[in-house]
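Residues per chain, in single letters:
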Amino acid sequence: MLRLLLIPSKSSSSVDVPQNGQQPPLDPTASAALDDDSLPVDTPIVLEATWKELIRYWFVLGWTAFGGPAAHVAMFQKLFVDKLRWCTYLVFTELLMLGQCIPGPTSTQMGFALGVLKKGLSGGLVSGILFQGPGLLILAILGWAAARVLDRDIEWLNGVVAGLAAAGIALVASASVALTRNICKTRLLQVLATAAAVIAYYYPKPWTFPACIIAGGIITILVMRKNIINVSDASVGVDRLGFNKLGGGALILLWVAVLVATIVTTAQTEYLDQRELHWFSAFYRTGSVIFGGGQVVLPMLYNDVVAADCLDQARRCCPVELNVDMATNTTMFEICDGAGAESNPGCKCSWMSGNQFYAGLAISQAMPGPLFNFAAYLGAVIAQNAGVFAIAGIAICWIALFSPGILLIFAILPFWGSFRKWQLYRRALPGLNSTAVGLIIASVFQLSLNAYISSPFPKTSICIGIIAFAATDVLKIPAPLVVLGGAVLGVLGWGADMV
């Protein structure tokens, strides 16, 4: 139990702690009988997974994991920790912390990592592909076939998105309760989680999340500086890490090399001469600097694909006699008003229109899997607007956005397998994990308020959220059914013109 990490035994300054933490019983209140100085007596329970089970559960998640990254983490916790016992709460939270501290989509990185822990490198690839595949396929098809149709507001879809959002937030709230109960055992850890939640909500910058986590680790290092933590059961649940350290180091070098190469080459080339390279560079750069993923990536993508500076393009493509005011029109889709763009498909100001962006975003939020799959839709639309085959745009943008985070999680796992045994890391771990839980708590409030403001029926959204929370936390209805139920209630709310 994490609580034990901060409270030394009465008889010794040494504390014995299972490597993966004590696996909580199915009844989460059953562990309350342990006092502050009790030592866990049971070996952490971690069950093996067959290939059939791995494929089956990740296939189902790929088609039913709605609600965004925080809801995905909640689903993983309920399925792989509470139900299947594929890892302990401590290992699960460590993976969450790693995902928050390195660039890339956290839920996607956790999906790959959980697969690696069960079946090695091949297991990670299978779990990641199955989790991302359905959303990728659907959004790629929609971007290719319906980009022009979606260039307008779709009212019924807004109802679906509102219902999905309310149910997804309810899952996040339920997960935050469970994680707080099992991770934040002491007053100090509860204070750290609260402080991280407040800071992350009030100042939600990309670097805020890793900064909070690192600060929490430093605090518990200082508090526990005189404690010796004896780590037992070191191999339970973490005996497969994918690559070795040499392979992990090579992946880090590959990530850096590609990043530097794309930045340098795009700076030396014109967009109209190397469109595909500029697409790859924009998405790869974004994937390399975004922490946490999900909604955090949207402002950067918007700036790259919609609010692009297209002065050079206009000068090369637009008739001089149009006398376009570039200062006020740099975010227009076709700055030439069709005069030059229609004759030359490459002559677009921005890569896509704002309406196309927001319509695709609404569709993406209603799709299962990572929100980063939005890149497949963007790639299809951008390519068609530029007169390029849609599949090329889909592959370029999707691979570019996902690959930094995927490379880094595979790279860091072999090193994590070693440094998680260090005394310094073990002292930092309670703070690292509790602040990671605090970020989940902050997301509950942030997502709730955003959903309330953007919902076509705010009061109804709150009611859907309450029903969904009771369904998952009290009635223990499986998360996929709760999310799908939220979508149904959202459509009913739209049809009934509720408020």
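Since we're looking at a predicted model, the values are computed, not measured.

Rules used in this analysis
Sequence order sets the numbering: in each chain, residues are counted from 1 along the sequence as written. Only residues with pLDDT of at least 70 are given local features in this predicted model, and only at 80 or more are side-chain atom pairs given and counted; all residues enter the totals for whole chains, interfaces and linings. To get the side-chain values, all heavy atoms of the structure are used, and hydrogens and water are removed first. For the purposes of this entry, the term helix denotes a DSSP run of H or I that reaches at least four residues, the term strand denotes a run of E that reaches at least two, and both are numbered from the N terminus. Given a helix with a known number of residues, its expected span is that number minus one, times 1.5 Å. Remark: exposure states derive from per-residue accessible area (1.4 Å probe, protein chains only) relative to the maximum for the residue type, with buried under 20%, exposed over 50%, and partly exposed in between. By convention, a stacked pair of Phe, Tyr or Trp rings (six-membered ring in the case of Trp) has centres within 6.5 Å and planes under 30 degrees apart, an edge-to-face pair has planes over 60 apart, and any other such pair is tilted. Placement of a positive charge over a ring is assigned whenever Lys NZ or Arg CZ falls within 6 Å of the ring centre and within 35 degrees of the normal to the ring plane. With axes taken as lines fitted to C-alpha atoms, and helix axes fitted only over the stretch in contact, angles between N-to-C directions fall between 0 and 180 degrees. An angle below 35 degrees is read as roughly parallel, one above 145 as roughly antiparallel, one from 65 to 115 as roughly perpendicular, and any other as oblique. Throughout, a crossing is termed right-handed when the near helix is turned clockwise from the far one, and left-handed when it is turned anticlockwise from it by less than a right angle. What makes two residues a contact is simply this: any of their non-hydrogen atoms within 4.5 Å. Residues are sorted three ways: Asp, Glu, Lys and Arg are charged, Ala, Val, Leu, Ile, Met, Phe, Trp, Tyr, Cys and Pro are nonpolar, and all the rest, Gly among them, are polar. By nonpolar core is meant a set of buried Ala, Val, Leu, Ile, Met, Phe, Trp, Tyr and Cys residues that side-chain atoms within 4.5 Å join together. Salt bridge, as used here, is a side-chain nitrogen of Lys or Arg placed within 4 Å of a carboxyl oxygen of Asp or Glu. By the criterion applied in these results, polar contacts are pairs of N or O atoms within 3.5 Å in which, for protein atoms, one can donate a hydrogen and the other can accept it, and in which residues neighboring in sequence qualify only through two side-chain atoms. This arc describes the spread of directions from the helix axis toward the C-beta atoms.

Summarise helix α14 (residues 374–385); cite the residues concerned and give the values.
Here α14 is 12 residues long and its end C-alpha atoms lie 17 Å apart, about the 16 Å a rise of 1.5 Å per residue gives. Regarding α14, the residues found buried are Phe374, Ala375, Ala376, Tyr377, Leu378, Gly379, Ala380, Val381, Ile382, Ala383 and Asn385. Looking one or two residues beyond α14, the residue adopting positive phi is Gly387, at roughly 75 degrees.

Go over the packing of aromatic side chains with me, naming the residues and quoting the values.
For the structure on display, the rule yields 15 aromatic pairs. Plain terms: the ring middles of Phe243 and Phe410 are 6.2 Å apart, the flat faces sit at 85 degrees to each other, and that makes the pair edge-to-face. Placement of Phe243 in the loop between β3 (228–232) and α8 (245–267) and of Phe410 in helix α15 (residues 390–419) is noted, with a sequence separation of 167 residues between them. Its relative accessible area of 31% is what places Phe243 among the partly exposed residues. Taken together, Tyr57, Trp58, Phe76, Phe80, Trp86 and Phe131 form an aromatic cluster joined through their ring pairs. In this arrangement the basic side chain of Arg56 is found over the ring face of Tyr57, its NZ or CZ atom lying 4.7 Å from the centre.

So, the packing of helix α3 (residues 89–101) against helix α4 (residues 106–145): which residues are in play, and what are the values?
It is at 9 Å that the axes of α3 and α4 come closest, and there the two elements cross at 135 degrees. The angle between α3 and α4 places the two elements in the oblique class. Crossing hand, α3 versus α4: right-handed. On α4, the residues touching Val91, Phe92, Leu95, Leu96, Gly99 and Gln100 of α3 are Thr106, Gln109, Met110, Ala113, Leu114 and Leu117. Across the contact of α3 with α4, the residue classes tally to 8 nonpolar, 4 polar and no charged.

Break down unusual backbone geometry for me, with residues and values.
Positive phi, close to 60 degrees, is recorded for Lys476, a residue that is not glycine. With respect to the element layout, Lys476 can be found in the loop between α17 (458–474) and α18 (479–495). What makes Lys476 exposed here is its relative accessible area of 58%. Of note in this structure, Asp497 is not a glycine but carries a positive phi near 55 degrees. Note on placement: Asp497 falls in the segment after α18. Asp497 gets classed as exposed once you look at its relative accessible area, which sits at 66%.

Now, about the nonpolar core: what can you tell me, with residues and values included?
One finds Phe80, Leu95, Trp279, Phe283 and Trp416 to be the most contacted residues of the largest nonpolar core, which totals 126 residues. Considering each element in turn, this core owes the most residues, 17 residues, to α15. Those residues in contact with Phe283 that lie beyond four places of it in its chain are Leu301, Val305, Ala375, Leu378, Ile382, Cys397, Ala400 and Leu401.

Explain the environment of Leu251 to me, using residue names and the numbers behind them.
Its location among the elements puts Leu251 in helix α8. For the pair Leu251 and Ile406, spaced 155 residues apart in sequence, the C-alpha separation works out to 9.8 Å.

Could you give an account of the pattern of salt bridges, naming the residues involved and the relevant values?
As enumerated under the stated definition, the model contains 1 salt bridge in all. Taking the shortest distance from any N to any O, the salt bridge between Glu48 and Arg240 comes out at 3.5 Å. Of this pair, Glu48 sits in the loop between β1 (14–18) and α1 (51–64) while Arg240 sits in the loop between β3 and α8, and the two are 192 residues apart along the sequence. The exposure class of Glu48 is partly exposed, given its relative accessible area of 49%.

Which residues make up the side chain of Ser174, and what values do they have?
For Ser174, the position within the fold is in helix α5 (residues 155–183). A polar side-chain atom of Ser174 sits 2.9 Å from a polar atom in the side chain of Lys78. In this view, Ser174 contacts Lys78, Phe469, Thr472 and Asp473; residues no more than four positions away in its chain are not counted.

Give me the lowdown on α18, citing residues and values where you can.
Along its 17 residues, α18 runs 25 Å from first to last C-alpha, staying within 8% of the 24 Å computed at 1.5 Å per residue. For α18, the set of buried residues is Ala479, Pro480, Val482, Val483, Gly486, Ala487, Gly490 and Gly493. The buried residues of α18 occupy an angular sector of 165 degrees when projected down its axis, which confines them to one face. Residues of α18 that are exposed and angled more than 90 degrees away from the buried face: Leu481, Val488, Leu492 and Gly495. On its buried face, α18 sits against α1, α2 (69–83), α5 and α17. Positive phi shows up at Asp497, right after α18, with a value of about 55 degrees.

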